[in-house]
Structures are given as structure tokens and as C-alpha cells.
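Here are the chains, one letter per residue:
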Amino acid sequence: MKGIGMWGILLVCVLLTGCNSNSEQTKGEPKKEQTPPSEPNKNKQVEEPEVKKGTPEWDMLQIEQAVENNDEAVFMSYQNSENHLFFKEQKRWIEEAKFKKEQGYTLSVDISFMKENDTKGKVYFRVKMSHPNFESTNNLVIYQAIKVNEKWILNDVPFETLTSESGSITVYYKKGQEDTAQKTLKDATDIVAFYSKMFNWKPEPISIKVYSNINEVSATVPWVMLSGWNEIGESLKINSGVMSQIFKYLAHELTHKMVGDITNDNASIYIQEGFATYLQAAINRDGNGMVSFDPQKPIENAQKAMEISNTLKTIEELGQIDYTDPEGSMYRDGALLSTYLIETKGINIFFDMLKSLSAFEYIDKRIEHKLEMVNSRTVEAIEKVYGPDEQVSADLKNYYLK
Ligand SMILES: [Zn+2]
């Protein structure tokens, strides 16, 4: 799922935090730089009066304006509907852009086009975002454009693909990144096999898109800054900028994939991020290169987190935060909750709680866009398995704040 950020103040897995992990985003420091003044599209039109209908530049201008006007229909008319995965992700992109503005972000895109031949071109798709709690960012991804019915439309990054023998995992990567793609496929295959066996998970087919850096991943979501991404119905996305981190990013994001499958995507973000942070710490390759599970690692991380800050959010308080939380509580406090539940009641009971969420219907939206609903479902599941949430929160505090 998302990844905003690491647990607020540094905690342990600092660099990595998968998903929505955006360490920059969650340090909780007030933004230092003022956002540069935004460039209203009006100015753009004045500066570029020569843009004529029928040119690729005109098509790109329509996309920029569709983003500015929250016009999903126009935006989607410029996406390749035959590329089903990309088309679905672009629909989620424009929904996210609208949602982010409602959360108080400013967001705009700046697009330039470079023609390659009569039917193909490159699109430099730049996403500018800022929010009072976070640094402002300017993220770039380069898409392919294709000409269809006299109109230039977007067609994802020009990816190559690599598929596992079983056909269940496909890695999308850019030319020149063959080694990264091989490593990604091997790590993902091993982690999925491990999770499937240990947690009795029967995964749906998995698509993984590999990007060169954090800016690219973030631009495709769109998010201020993140290292990895997973939402049911979309590809799992990772930044391959730091090769040695790929295993940890995948351990994190594949946890989201598994939890999404098992719960019908009804787990709230503090369970999703908390358990992904837990497993990201617990899963490693041992000396023989085999995937192994060490429950001691998340316990050590929890101890460090409590040393850094001797505070703890209750389940009720966790239900009130979203990804704009400047402290990244869904990671830090979410992991403290998951670690406590697993350590004191066992991982099988934790999975009973997750499984009970599958009784609820699937809602075809990103989790943060259905947060109120999944929060109440998650509390219901916790209470069913562990008892009243106030009691669980009280026991949680006793456990850490003794
Ligand atoms: Zn995550």
C-alpha cells in the first residue's frame, strides 16, 4: 500500500520502509522551503500561443488542464485503454490527484513531448506536489506516447518484461536494467514462496514494475515521495535505485499484497503498514541465501522505537490518522501494535483476525480512499478475535510502557 514514510523519527529500518515510505515525508519537520509559485496554465497558454489542435503539444496541454480541472473523463481519454494495467493505474492516478488536493496538497503537472516518428514519441511527465507537512517535490517519469486515431495518448514507460516459470510473477523493467529485473524476480519468487508456505497465502498473479529512482515511482502514483507501492488491482512498484534494498522493499510491498488478498483489501493502514514493517524486519536471507524468519528483529525494533520516544497510540487514535500524519504513526505505532499482538497471542491468531476481514466485500478503491470504512471493519475484526479495542489498547500500553 502506500508508502509514506517511515516511522516518524528514525526508527529502525530507516532507509527502507517500503511503501509509502517516504522517509523525507515523515520526519515531522516543518517544511523549510516555500513552494515555488505555481505556474497557472493561463500563463502557459500565453507563453505558447502557437499550440495548435492536432499537434502532440495540444494533446499534452489537454492532459495538463485535465489534471488542473480534476477532469477524469478528459484525462482518461488520453490513456491507452488497450494497456489494461496501465489504464487502471492511470484511473487511480487521477483519483489520487483529486484526493491529494482535498487533503491540502497543491499538485500540478508539466508535460513536454518529444517526437520519435509518426506514431511514437516520449513524454516527460513532471508532477509538482507540496503540502504544509512535507517537503515539496518535483517528480519526473518518462512515458511513451503513441498516436491512435489522430490523437497522441500515454502508454506507460516503455517496459520490457520477465516472467517467472510458473507464470505467476511478471517483472516490468527498462532496457539496460536486466540484472535488476533478474534480482527482482528471484527475490519476489522466493519471498512469495516463503509467505505462501508460512501463512498459507494463495497469491493472485503479481505484476512488479521496476523504476530507476524514487522520483519515478512517486510520479506514477502520484505521491510526494515513496520508495515502493502496492494497491490491490495495480502493479507492485519498487525503486531499484539501491540494489541492496530490493529484497526489503519487496518483503514490505509483498506483505501488502498478501494482506490485501487475505482481507479482501479491508485492513486499515495501521495494520497494513504495521505488519509490513514487522515482516520487512523479520524476513531476511540467511547465510545460505535462503529466506528465513526471525521474530526477534521486530522486537528489537520495537524496543528502539520506545527508547526514542516513550509514547504509544491507541487503536482508536490509530484509526484517526492518515498518510498526512507527520510522524508516520501508521508505521511506527502500527508496527508496535502488530509486534505486540504477534508476540503475545501468536501469529496464527493475527492471521485469524486478518481472515475475518475477508467476510466484508471488496471496495474498488485505494485504501486511503475508503479509510473510514476499512477502519470500522478492522476494529470489528480486532474485537472479534482479541476482545474490546479499549482493553487491547490498555494491554498494549501496559506491555510497552511498563
Ligand atoms: Zn507500506
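Draft legend 1. Representation of the pairing of strand β2 (residues 120-131) within the structure. For strand β1 (residues 106-115) and β2, the ladder comprises 10 bridges, and the chain directions are antiparallel. Looking at the pairing, Asp110 lines up with Arg126 of β2. The hairpin turn running from β1 into β2, its antiparallel successor, is 4 residues long. For β2 and strand β3 (residues 134-148), the ladder comprises 11 bridges, and the chain directions are antiparallel. Paired with Tyr124 across the bridge in β3 is Ile142. Turn length for the β2-β3 hairpin, with the two strands adjacent in sequence and antiparallel, is 2 residues.

Draft legend 2. Just the packing of helix α7 (residues 246-263) against helix α8 (residues 269-282), in detail. For the pair α7 and α8, the least separation of the axes is 8 Å and the interaxial angle reads 140 degrees. The orientation of α7 with respect to α8, classified from their angle, is oblique. Crossing hand, α7 versus α8: right-handed. Note on element contacts: α8 touches α7 through Gln272, Phe275, Ala276, Leu279 and Gln280, opposite Lys248, Ala251, His252, Thr255, His256 and Val259. Looking at the contact of α7 with α8 residue by residue, the class counts come to 5 nonpolar, 5 polar and 1 charged.

Draft legend 3. Looking closely at helix α12 (residues 347-356). For α12, the set of buried residues is Phe350, Phe351, Met353 and Leu354. The arc that holds the buried residues of α12, viewed along the axis, is 150 degrees, so those residues lie on one side.

Draft legend 4. Highlighting the sheet that holds strand β5 (residues 160-163). Read across the sheet, 5 strands follow the order β5-β6-β7-β9-β8 without closing on themselves; strand pairing throughout is mixed. Among the strands making up the open sheet, the edge pair consists of β5 and β8 (228-229). Direction of pairing for strand β6 (residues 169-173) relative to strand β7 (residues 206-211): parallel, over a ladder of 4 bridges. Within β7, the residue paired with Tyr172 across the bridge is Lys209. Against the sheet, helix α5 (residues 178-199) engages β5, β6 and β7, with an angle of about 155 degrees to β6. Contacts from α7 reach β7, β8 and β9 (236-239) within the one sheet, and its direction differs from that of β9 by about 160 degrees.

Cut-offs and rules
- Residues numbered from 1 in each chain as written.
- Predicted model: local features only at pLDDT ≥ 70, side-chain atom pairs only at ≥ 80, totals over all residues.
- Pairing = 2+ DSSP bridges.
- Helix = DSSP H or I, 4+ residues; strand = E, 2+ residues; numbered from the N terminus.
- Axes fitted to C-alpha atoms, helices over the stretch in contact; angles between N-to-C directions.
- Parallel < 35°, antiparallel > 145°, perpendicular 65-115°, else oblique.
- Left-handed = near helix turned anticlockwise from the far one by under 90°.
- Contact = placed C-beta atoms within 7 Å.
- Nonpolar A, V, L, I, M, F, W, Y, C, P; charged D, E, K, R; others polar.
- Buried ≥ 20, exposed ≤ 12 C-beta atoms within 10 Å, placed from the backbone.
- Arc of directions from axis to C-beta.

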